[in-house]
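Below, each chain spelled out in residue letters.
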Amino acid sequence: MFKALVITKPESGYQCELTELDEAQLPASGDVTVRVDYSTVNYKDGLAITGKSPVVRSFPMVPGIDFAGSVTHSDHPKWKAGDRVLLNGFGVGEGHWGGLSQMARVKGDWLVALPDTLSERDAMALGTAGYTAMLCVQALQKHWAEAGVAAGSGEVLVTGAGGGVGSVAIALLAGLGHTVVASTGRPQEADYLKALGAASVIDRAGLGAPGKPLQKERWIGVVDSVGSHTLANACASTRYGGAVAACGLAQGMDLPASVAPFILRGVTLYGIDSVMAPMARREAAWDALAKTLDRAQLAAMTTEIGLADAVAAASQILAGQVRGRLVVKVKD
Ligand code: NDP
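Conventions used here
Residues numbered from 1 in each chain as written. Predicted model: local features only at pLDDT ≥ 70, side-chain atom pairs only at ≥ 80, totals over all residues. Heavy atoms only, no water. Core = buried A, V, L, I, M, F, W, Y, C linked by side-chain atoms within 4.5 Å. Buried < 20%, exposed > 50% of the residue type's maximum accessible area, 1.4 Å probe, protein only. Helix = DSSP H or I, 4+ residues; strand = E, 2+ residues; numbered from the N terminus. Domains from an automatic or database assignment. Contact = heavy atoms within 4.5 Å. Salt bridge = Lys/Arg side-chain N within 4 Å of Asp/Glu carboxyl O.

Undergrad: I'd like to hear about the nonpolar core, residue by residue, with values.
TA: Counting residues in hydrophobic clusters, the biggest one holds 51 residues, and the most contacted among them are Ile170 and Trp286. Elements represented by at least two residues in this core include exactly α2 (120-147), β8 (155-158), α3 (164-175), β9 (179-184), α4 (190-196), β11 (219-224), β12 (238-246) and α8 (279-292). Considering every element that reaches this core, the biggest residue donor is α2, with 14 residues. Residue-level mapping places this core at the junction of two domains, with at least three residues from each of domain 1 (2-114 + 301-329) and domain 2 (129-271). If we skip the residues at most four places from it in the chain, Ile170 touches Val158, Ala161, Val180, Ala182, Leu193, Leu196, Gly197 and Ala198. Counting residues in hydrophobic clusters, the runner-up holds 44 residues, among them Val32, Met61, Val92 and Leu326.

Undergrad: How would you summarise unusual backbone geometry if you had to cite specific residues and measurements?
TA: Following Phe59, the chain continues to Pro60 via a peptide bond in cis, the omega torsion being -5°. Mapped onto the elements of the fold, Pro60 is located in the loop between α1 (43-50) and β4 (66-74). Phi at Ser228 takes a positive value of approximately 50°, unusual for a residue other than glycine. Take Ser228: it is sitting in helix α6 (residues 228-236).

Undergrad: Would you mind going over the pattern of salt bridges in detail, with residue names and values included?
TA: Applying the stated criterion across every chain yields a total of 14 salt bridges. A salt bridge links Arg265 to Glu217; its shortest N-O distance comes to 3.7 Å. With Arg265 in the loop between α7 (260-264) and β13 (268-271) and Glu217 in the loop between α5 (205-208) and β11, the pair connects residues that are 48 residues apart, well separated along the chain. A residue is classified by how much of its surface remains accessible, and Arg265, at 12% relative accessible area, is buried.

Here it is in structure tokens:
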């Protein structure tokens, strides 16, 4: 028997509870069984656990869109017992039982080998949010390399700065020598954001309200995890030839923008998806995270919680009350 969070949808409502399961109950559709050591609570896990958005597609469901652990049994040619692995995306925790569980059975094609220099805990301290931040940064780096834009030649905006994607993006961009401006609704976290590498901190209210289609040119690049007016204003204030990497919707799913920044300033908007990203891009992002992210900074942005605590944490992350990253110690 092992412990797992299980979401059910009885007639009385939607609930997520810590439960004991048997290995025989794991999904038959997987070909690799993994002992999970660590998972996380991402924004999407918050939606799944609370039922605030219809993220979960079948019931009962074990939430957890990512995990790190060791293979205990494999019928997949790539993996054998004892291999250290991580998984994020592919609908795990949404349509297939996920990582907020001491055991998981998944498809071997979805697994990534844990880089040698990354512990299971650090991998999940980064989690989907950190990996998505790296996908954003890599999209911007490729753009800047092609455009001949050097680090330090202008400011880079990070929105949703106090959250998981934002915190990791700040640390990564500052580590590459960029001048990072952090946009947050939590001015009390300014010291935290500066310690991660932000050169300055701005109030997100300025970006979050409706703005003009073209604004003063400021950013050579943007990592946006907020969407809605914030993304529209970020595009409108990006410098000629600059780029915006959009990955999130913390403010909203809408994009009340005009084409002006794209057709008059040649601004490029990159859409970043972590869930179905091809394996080569995943491996490159995890490898780059393992090599470049400062472990002291990762520790500074990480709070560890237990499996049972993840239910309360789900509401907190949706309320924008979580600073940085939550890592869930799943193993006993
Ligand atoms: P977090 O909750 O950790 O961070 C989101 C941050 O956005 C908050 O901390 C807050 O930062 C800010 N925020 C919250 N509400 C609002 C609001 N109403 N208006 C403006 N800003 C707001 O989530 P994650 O970092 O894990 O994820 C961020 C977003 O990215 C989510 O929408 C998530 O779904 C998405 N995402 C997408 C992925 C993909 O594959 N495309 C993968 C991973 C995440 P502050 O208090 O500093 O303002």
